[in-house]
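# Coordinate analysis (summary)
The lines below spell out each chain.
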Amino acid sequence: MNIQGEVAEGYEAVRDAFVRNFEVLGDRGAAVAVYRDGRRVVDLWGGTHDADGTDPWTAGTAQVVRSATKGVAAVVPLLLHQRGLLDLDAPVGDYWPEFKAGGKEGALVRDLLAHRAGVPALDVPLTPEQAADGLSGARAVAAQRPFWEPGTQHGYHAQTFGWLLSELVLRVTGASLGSWLSQEVTGPRGLDFWIGLPQEVAESGRVGRVGAVEPPQTAGTLRTRPRRNVSEAYADPDSLTRRAFAAITPLADENAPAYRAAELPASAGIGTARALAGLYASLLGDTEDGPRLFTPETTALAGTELSSGPDRVLVVNTRFGPGHMLHSPASPMLSPTSFGHPGRGGSLALADPESGTAFGYVTNALAPSVTADPRAQSLLRALRTAL
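To start, this report covers the structure provided alongside it. These numbers were taken from a predicted model, which means no experiment stands behind them.

## Observations concerning helix H13 (residues 273-282)
- A large share of H13 lies buried, amounting to nine of its 10 residues.
- When we look at burial in H13, the residues that qualify are Ala-273, Ala-275, Leu-276, Ala-277, Gly-278, Leu-279, Tyr-280, Ala-281 and Ser-282.

Below, the structure written as structure tokens:
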């Protein structure tokens with residue numbers, strides 16, 4: 001495997017783990033980046049541009065990162081809160097009156113961000129075309145009766161989180177979440193990450209094709225082997241688990257131009273590992289890409305636990321802050337202080353305030369993992385040895 005890029009002295013174990021991901025764990029094309037105290041110390045890529053192709057992955061190759069998008073999208077409401085434009089303790093209905101329908105008038109903004117809003121699924125799923133039209137998703141979640149009283153339980157809003165966040169940001173700013181992110185966050189720092197892929201980037205050929213893969217037998221198992229009840233929940237078409245992930249039915253083609261152009265903050269962000277790590281680094285302090293984004297108070301808020309315990313959708317114990325997943329046995333991160341988000345199939349990005357470290361991993365080989373992909377976990381274990 002021809003691995004490109006560089007690592008700073010002391011981080012060679014990360015390169016070794018990255019190579020092993022290709023040799024043993026089934027990666028086809030991937031990149032990993034790490035920032036430490038604002039400076040990029042790992043920047044590696046290798047394999048193929050497309051999961052089913054032969055052209056090489058290059059320094060600028062970007063990919064769909066699925067739910068790792070959620071962590072990037074969550075930066076927007078936290079910045080709005082930091083600027084005094086969004087009150088996390090206010091009812092969502094204060095900003096979005098239609099959302100009060102069906103018994104959701106008590107849902108607070110912090111409930112929405114922490115997967116406590118009670119609408120992880122839809123009684124009538126949306127088609128991929130409806131999901132991407134910028135209108136149907138918000139209308140559907142506003143009209144949906146909650147599956148539990150908002151604020152009393154939590155369950156992963158796998159698809160609906162994107163429409164909830166999009167509409168909230170639109171009501172507060174008058175701009176779409178993807179455009180606000182580009183204008184205020186990623187654009188000024190030169191970070192190649194988009195929620196809603198611009199046409200000029202789509203036409204540049206920089207975005208690779210993702211594809212489903214089965215891990216090789218040598219890959220072993222996840223640290224948290226799914227229990228029988230977890231497997232049964234994913235297999236049962238009537239379970240809340242299946243219904244949450246099937247809020248868009250049939251499954252969208254993640255390589256389709258229309259899907260990539262749509263602003264879907266729950267699942268369709270596209271970017272590089274370098275951009276993911278750079279963004280999370282900016283939540284911790286000044287970086288080589290630009291000044292600090294979050295104040296120390298907002299950084300602390302991002303890692304504050306709002307939800308923990310049994311997850312009504314993922315059927316394991318999970319922890320969430322306001323928009324980010326937090327370190328737990330079901331989703332191991334760098335340390336107990338970490339906050340970030342995995343993407344189903346492999347991708348992962350996070351910030352770790354304890355060590356001043358930010359991490360981003362992107363792959364085009366989408367494995368059956370949900371929150372703890374073996375490739376990302378292998379890289380994290382190697383990174384811990386370097387800190």
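## Observations regarding helix H7 (residues 160-173)
- Compared with the 20 Å implied by 1.5 Å per residue over 14 residues, the 20 Å span of H7 between its first and last C-alpha is a close match.
- Counting buried positions over the 14 residues of H7 gives 10, a clear majority of the element.
- Thr-160, Phe-161, Gly-162, Trp-163, Leu-164, Leu-165, Ser-166, Glu-167, Leu-168 and Val-169 are the residues of H7 that are buried.
- On its buried face, H7 is in contact with helix H2 (68-82), helix H3 (92-95), helix H4 (109-113), helix H5 (128-131), helix H6 (136-143) and helix H8 (177-189).
- Following H7 by one or two positions, Gly-174 adopts a phi angle in the positive range, close to 80°.

## Thoughts on the environment of Ala-107
- Counting through the fold element by element, Ala-107 comes out in the loop between H3 and H4.
- Residues Ala-107 and Pro-146, 39 residues apart in the sequence, show an inter-C-alpha distance of 10.0 Å.
- Look past the residues within four positions of Ala-107 in its chain and what remains in contact with it is Ala-90, Pro-91, Val-92, Phe-99 and Pro-150.

## Points about the side chain of Ser-267
- Secondary-structure assignment places Ser-267 in the loop between helix H12 (257-261) and strand S7 (270-271).
- Only 3.2 Å separates the side chain of Ser-267 from the side chain of Tyr-259, close enough to count as a polar contact.
- Sequence-distant contacts of Ser-267, that is, excluding residues within four places in its chain, are made with Val-64, Arg-66, Ser-67, Thr-69, Gln-159 and Tyr-259.

## Observations regarding the sheet that holds strand S5 (residues 193-194)
- Here we have three strands laid out as an open sheet, ordered S4-S7-S5, and antiparallel in their pairing. Looking along the sheet, the strands with just one partner apiece sit at the ends: strand S4 (63-64) and S5.
- Where S4 and S7 come together, two bridges link them in antiparallel fashion. Looking across to S7, one finds that Val-64 is bridged to Ile-270.

The rules behind the values
- Residue positions are given per chain, counting from 1 as you read along its sequence in written order.
- Local features in this predicted model are restricted to residues whose pLDDT is 70 or higher, and side-chain atom pairs enter the listing and the counts only when it is 80 or higher, whereas totals over whole chains, interfaces and linings include all residues.
- Each side-chain value is derived from all of the structure's non-hydrogen atoms; neither hydrogens nor water enter the calculation.
- Type-normalised accessible area, obtained with a 1.4 Å probe on protein chains alone, sets the label of each residue: buried when under 20%, exposed when over 50%, and partly exposed for intermediate values.
- Secondary structure counts use DSSP, requiring at least four H or I residues in a row for a helix and at least two E residues in a row for a strand, with both numbered from the N terminus.
- How far a helix is expected to stretch is found by multiplying one less than its residue total by 1.5 Å.
- Throughout, a contact is declared for two residues whenever any of their heavy atoms are within 4.5 Å.
- Think of a polar contact as two N or O atoms within 3.5 Å of one another; within protein, one of them needs to be a possible hydrogen donor and the other a possible acceptor, and neighboring residues in sequence only count if both atoms come from side chains.
- In this scheme, strands are said to pair when DSSP sees at least two bridges between them.

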